[in-house]
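These are the residues of each chain, in order.
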Amino acid sequence: MKETKNKVIVIGGGLAGLVSSILLAKRGKDVLLIEKKTYPFHRVCGEYISNEVLDFLKREAIYPDFLEMPSISRFEFSDTKGQKVRISLDLGGFGISRYVLDEWLYQKAKFFGVEVLTGIQVSTVDFDEKTDKFSLSLSDHSVLEGDYVIGAYGKRSKLDLTLKRPFIQQRSPFIGVKYHLKMDFVRDTVALYNFAGGYCGINAIEEGKFNLCYLGSREQLRKFGSVEEMERQVLWKNPILARIFRESEFLFEKPEVINEINFEPKKPVENHILMAGDAAGLITPLCGNGMAMAIHSGKLAGEALLSGQNRSEIESIYAQSWNAEFRQRLWIGRKVQRLFGAKGVSVFARNLIQHLPFFAKQIIKNTHGKPF
Ligand SMILES: Cc1cc2nc3c(=O)[nH]c(=O)nc-3n(C[C@H](O)[C@H](O)[C@H](O)COP(=O)(O)OP(=O)(O)OC[C@H]3O[C@@H](n4cnc5c(N)ncnc54)[C@H](O)[C@@H]3O)c2cc1C
């Protein structure tokens, strides 16, 4: 039976938003999810997902088992000159496009009783201490009331401006670019190839396709005027990337591109909103752990709402569990990113992986969580 009191509104239907709303709806909560886009759609993301999420997805009956997904158990790294090294991954992961995964979870959310509004953006969120309720204004000029709000709106939104979150004032030097390809590449490997100013990930996804996604520099894009020219002038300097760009079949008419990718620390609870996924903190993409963290934090937000007896208890349960699970991972991710995107340090990182694989595995372990 659905509870009619304690309405939960979830802002943003990426992994964190979809997972938290499914968890809550399955346990009888009245949940409304608001997503500004309409499914299915592509997102800039490397689409390598750590196996730490497997048990949870299967337990909650939201694992996309209708698909054959590549299982990924090796990691290949190259410095900016194209010198490679390869190691095995202890936990590993699998590849799936966000186009397919988010659509699957969206259908599951509706199936489990989540009310979903798509194509509508939340413009403002206000909390009234007197009534102890949230008021949300939407892009269609309607206003909604809710008892609890999960902010799962991703790495950056206009809402961060209205909430005056400190990181939103800073400009980020990074851009993200994604393609789907048909190419000649091993399907059990996630690769990370460095180039000046960034790094490029490649791994298999469903239906024999591959994802190529890189974190590049806004300054270089400005300098070369177009994504294509920047790729030729910068990424192609790594001979492995030059070959891949020349020989692969690109399946998108144009790349998916985003900018303003900020890795600064954020708070997991702001203005009584439980922030989940990237809205609470974005781990550097080289860790390949952002999707697992979004799923895990969506789970933690749902669990805090289910177990806390009142607002302050819910907020404290969530903040504590979020900090225990993710704060250190995000910090290590920021430090490790310094080993990428420059000639000298990428050669150092390659040597480190080659000669001290145990140390490299420890770094990977520390930027990932345990199966949950
Ligand atoms: C270049 C790059 C490569 C990456 N590669 C990987 C990888 O290989 N593996 C990995 O695990 N992670 C990777 N990540 C990280 C991963 O993509 C994110 O951590 C993950 O998508 C976060 O999920 P989320 O649910 O928090 O946010 P999102 O998936 O971004 O979802 C947020 C949703 O909120 C919606 N929204 C925003 N504002 C509003 C609003 N006001 N009202 C309504 N809806 C709103 C958006 O439309 C969006 O659908 C990568 C990130 C980048 C930048």
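Each helix and strand counted, the chain has 11 helices and 18 strands in total. Compactness check: the chain gives a C-alpha radius of gyration of 20 Å against a globular reference of 21 Å for 372 residues, within 12% of the reference. Across the 372 residues of the chain, 57% fall into the buried class. Of the contacts formed within the chain by residues at least 6 apart in sequence, a portion of 72% connects residues at least 24 apart.

Now for the domain arrangement of the chain. Here the chain is partitioned into domain 1 (8–42 + 98–170 + 263–337) and domain 2 (71–96 + 172–261 + 339–366). Here the C-alpha centroids of domain 1 and domain 2 sit 28 Å apart. The contact between domain 1 and domain 2 buries some 1,600 Å² in all, and 65% of this surface belongs to carbon and sulfur atoms. Its largest share of buried area at the contact with domain 2, domain 1 owes to H42, V336 and Q337, together 33% of the area lost on that side. Where domain 1 touches domain 2, the interface holds 1 salt bridge. E260 serves as the salt-bridge partner of R156, at 3.9 Å between the closest nitrogen and oxygen. On inspection of domain 1 and its partner domain 2, the count reaches 2 residue pairs in polar contact (both at pLDDT 80 or more). Sorting the residues of the side of domain 1 that touches domain 2 by element identifies α3 (98–111) and α9 (311–336) as the ones contributing at least two each. Counting residues per element, the side of domain 1 that touches domain 2 draws most heavily on α9, at 4 residues. In the side of domain 1 that touches domain 2, the residues fall into 8 nonpolar, 4 polar and 5 charged.

Between two packed helices, the angle of one axis relative to the other and the distance separating the axes together describe the packing. Their axes nearest at 7 Å, the elements helix α1 (residues 15–26) and helix α8 (residues 290–307) cross at an angle of 35°. In the crossing of α1 with α8, the sense of the turn from one axis to the other is right-handed. Contact residues: α1 offers L15, A16, V19, S20, L23 and L24, while α8 offers M291, A294, I295, S297, G298, K299, G302, E303, L305 and L306. The class makeup of the residues in the contact of α1 with α8 is 10 nonpolar, 4 polar and 2 charged.

What surrounds the ligand is a group of 36 residues, the closest being E35, G46, Y48, R98 and D278. Within the contact set of the ligand, an oxygen atom lies 3.0 Å away from a backbone nitrogen or oxygen of A16. E47 places a polar main-chain atom, nitrogen or oxygen, 3.3 Å from an oxygen atom of the ligand. Coverage of the ligand by the protein amounts to 95% of the 1,000 Å² it exposes when considered alone. Those elements that place two or more of their residues in the shell around the ligand are α1, β2 (31–35) and α8. The element best represented in the shell around the ligand is α8, accounting for 3 residues. Of the residues belonging to the shell around the ligand, the class tally is 18 nonpolar, 11 polar and 7 charged.

Okay, the sheet that holds strand β1 (residues 8–11) next. In spatial order, the strands read β6-β2-β1-β10-β18-β17; together these 6 strands make up an open sheet with mixed pairing. Bordering the open sheet on either side are β6 (115–118) and β17 (269–270), each of which pairs with just one other strand. Here β2 pairs with β6 via 4 bridges, running parallel. Bridging from a neighbouring strand, I34 pairs with L117 of β6.

A few words on the packing of aromatic side chains. Centre distance and the angle of the planes are the two values used to describe a pair of aromatic rings. Within this structure, the stated rule accounts for 16 aromatic pairs. Between the aromatic rings of F56 and F372, the centroid separation amounts to 5.5 Å while the plane-to-plane angle is 35°, which identifies the pairing as tilted. With a gap of 316 residues between them, F56 in helix α2 (residues 54–59) and F372 in the segment after α11 (357–366) connect regions that are remote in the sequence. Each member of the pair, F56 as well as F372, is classed as buried. Ring centres of Y63 and F94 lie 6.0 Å apart, and the angle between their planes is 75°; this geometry places the pair in the edge-to-face category. With Y63 in the loop between α2 and β4 (71–78) and F94 in strand β5 (residues 84–95), this pair connects stretches of sequence that are 31 residues apart. For the pair shown, Y63 and F94 are each scored as buried. Counting every residue linked through ring pairs, the aromatic cluster contains Y179, W236, F245 and F250.

Reading guide: rules and limits
Residues numbered from 1 in each chain as written. Predicted model: local features only at pLDDT ≥ 70, side-chain atom pairs only at ≥ 80, totals over all residues. Heavy atoms only, no water. Helix = DSSP H or I, 4+ residues; strand = E, 2+ residues; numbered from the N terminus. Rg over C-alpha atoms; globule rule 2.2 N^0.38 Å. Buried < 20%, exposed > 50% of the residue type's maximum accessible area, 1.4 Å probe, protein only. Contact = heavy atoms within 4.5 Å. Domains from an automatic or database assignment. Buried area = accessible area lost by both parts, 1.4 Å probe. Salt bridge = Lys/Arg side-chain N within 4 Å of Asp/Glu carboxyl O. Polar contact = N/O pair within 3.5 Å; in protein donor to acceptor, adjacent residues only side chain to side chain. Nonpolar A, V, L, I, M, F, W, Y, C, P; charged D, E, K, R; others polar. Axes fitted to C-alpha atoms, helices over the stretch in contact; angles between N-to-C directions. Left-handed = near helix turned anticlockwise from the far one by under 90°. Near = heavy atom within 4 Å. Areas by Shrake-Rupley, 256 points an atom, 1.4 Å probe, with all protein chains shown as cover. Pairing = 2+ DSSP bridges. Phe/Tyr/Trp six-rings, centres within 6.5 Å; stacked < 30°, edge-to-face > 60°.

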